[in-house]
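# A look at the structure
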Amino acid sequence: MRRANPLVLVLVLTLLLAGCAGGDGTDDGRVTLRFQSLAWQQESVEANKELVAEWNAAHPDVRVEYVQGSWDSVHDQLLTAFEGGEAPDIIHDASDDLADFAYGGHLADLTDLVSDRLRSDIPRRSWRTTTFGDGIYGVPFLQEPRVIIANATWLRESGVRIPTPGDPWTWAEFRQVTAELGGDGKYGVAWPLKEPVSATLNLSLSTGGQLFHRGADGKVTVRFESADETVPRTIHDQVNTDGSASDSTLGSGGSDTLPGFFGGRFAMVPLGFSYRQQIVQQAPEGFDWQVLPAPAGADGLSQGVSPQTLSVARDSPHKEEAAEFIDFLLRPENMVRLALGDWMLPTGTRALEDPALRTTEHDWAIGTALAGHLRSAPAQSVRGYPEWKDKVATPAFQEYYSGAIGLDELRRRLERDGNLVLARYQR
């Protein structure tokens, strides 16, 4: 056989490699970044697409391609994309979904890529939600406290004390108020606990609950202590002892409780702050509602949150450009636009000062008053948390809230069964 000319081989190889890189740039040197957004509400999708268009108009050499994702399937979809080498450059997710991706080496460490402006504008408590080990694997940008949406007319006519961020109810007072409001087929509160774990753990920060404890060796164990009991016991007793909470909503999502709330069956519903949009859109004409802070405990109004985040795939060949787009997307004025689109709160301190987020209309001011009390969710950096939540904690809390098991059995399952699950991720 004739031997190939080495110069020809080099030329062919060069052309092949250039062809393989076609998804990262164009022949004219322009970079293309794929941005997978999980925005789903019309206002939010529009805000994201408008910002992408504004970036593209100002940066002809770095084009961003908007890719629509879904919260329902984001974890599995990203896992498949990472393993197949086809992950988007810029990834929209939630901070409690990042731990396994960060430790698994799928996300870029942003420590040296985040701008000084973003680093100083977003509080340290928010950065903790995306810090794993010594690295930063996402930029937290939207968050929402869990609040109580109340029938204002019902509360006003009952004569109960109306709580404020400066003078909230205690958990004991909250239980007493719901007992006063209920009766005659009506309930003081409806707890939508189809997903009971994050709600319980995040609200338990107000009472000093932590549940997950990291030892000197870095390993995490579950301990269900007295501070962890207050919130679940309150919910359990409202349902099973006082009859002030409906047992029919325990398996429901937040939206499922709104017809009963509008119909006068429930006086209050604990929901995420963003549910105000659905209430504005769906409430009957003349329905008077208001936002109340969640009850306070030994640690005041503290509660855990898992902010929405923007990350960069480790395999992206254009990490610096991706970080520059994130910095643009999260300028204070842009962060306000994203927050208004999602009816949530921005993490940035300058954005939180915007008058549009401090108005009394739709009780935006109640949310911004709670922003300083938001902390990293207890499960934030726990490897194996998704499996622990699905296989152990969710069924255990569901059975406890329904009255099928007692507090001691709940503790046994969370600790014994839960630690067996977590141990597999910490060897």
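Below: a short report on this structure. All values reported here derive from a predicted model rather than from experimental measurement.

### Here we look at the pattern of salt bridges
Two side chains of opposite charge can pair, provided their charged atoms sit close to one another. The tally for this structure, following the rule as stated, stands at 19 salt bridges. Between Asp100 and Arg383 there is a salt bridge, with the nearest N and O atoms lying 3.8 Å from each other. Taken together, the residues span a long stretch of sequence, with Asp100 in helix 4 (residues 99-103) and Arg383 in the loop between strand 15 (374-376) and helix 17 (385-402) at a distance of 283 residues. Two residues, Glu173 and Arg161, come together in a salt bridge whose shortest N-O distance is 3.1 Å. With Glu173 in helix 8 (residues 171-181) and Arg161 in the loop between helix 7 (152-158) and helix 8, this residue pair connects regions lying 12 residues apart in the sequence. Looking at Arg161, the relative accessible area reads 31%, which means it is partly exposed.

### Quick notes on the nonpolar core
Ranked by internal contacts, the top residues of the largest apolar core, which has 62 residues, are Phe35, Val139, Ile149, Phe325, Ile326, Leu329 and Leu330. Excluding its chain neighbours within four sequence positions, the residues that come into contact with Leu329 are Phe35, Leu51, Leu310, Asn334, Met335 and Leu338. Among the nonpolar cores identified, the runner-up in size contains 47 residues, and Leu193, Leu203, Phe212 and Phe224 belong to it.

### Comments concerning the packing of aromatic side chains
Scanning the entire structure with this criterion turns up 22 aromatic pairs. A centroid spacing of 6.0 Å and a plane angle of 90 degrees characterise the contact between Phe35 and Tyr66, whose relative ring orientation is edge-to-face. Here Phe35, found in strand 1 (residues 31-37), pairs with Tyr66, found in strand 2 (residues 62-68); they are 31 residues apart in sequence, far enough to count as distant. The pair Phe35 / Tyr66 is uniform in exposure class, with both members buried. With a centroid separation of 5.9 Å and an interplanar angle of 20 degrees, the aromatic rings of Phe397 and Tyr401 are classed as stacked. Residue Phe397 and its partner Tyr401 are located together in helix 17, separated by 4 residues, close to a single helical turn. An aromatic cluster is present here, built from Phe35, Trp55, Tyr66, Phe325 and Phe328 joined pairwise through their rings. The ring of Phe273 carries the charged tip of Arg276 above its face, separated from the ring centre by 3.7 Å. A cation sits over an aromatic face here: Arg276 above Trp364, 4.1 Å from the ring centre.

### Points about the sheet that holds strand 13 (residues 308-312)
Spatial ordering of the open sheet is given by 2-1-3-13-6-14, a layout of 6 strands whose pairing is mixed. Looking along the sheet, the strands with just one partner apiece sit at the ends: strand 2 and strand 14 (345-346). On the sheet, helix 14 (residues 332-342) packs against strand 6 (139-143), strand 13 and strand 14 and is oriented at approximately 45 degrees with respect to strand 6.

Definitions and limits used
Residues numbered from 1 in each chain as written. Predicted model: local features only at pLDDT ≥ 70, side-chain atom pairs only at ≥ 80, totals over all residues. Heavy atoms only, no water. Salt bridge = Lys/Arg side-chain N within 4 Å of Asp/Glu carboxyl O. Helix = DSSP H or I, 4+ residues; strand = E, 2+ residues; numbered from the N terminus. Buried < 20%, exposed > 50% of the residue type's maximum accessible area, 1.4 Å probe, protein only. Core = buried A, V, L, I, M, F, W, Y, C linked by side-chain atoms within 4.5 Å. Contact = heavy atoms within 4.5 Å. Phe/Tyr/Trp six-rings, centres within 6.5 Å; stacked < 30°, edge-to-face > 60°. Lys NZ or Arg CZ within 6 Å of the ring centre and 35° of its normal. Pairing = 2+ DSSP bridges. Axes fitted to C-alpha atoms, helices over the stretch in contact; angles between N-to-C directions.

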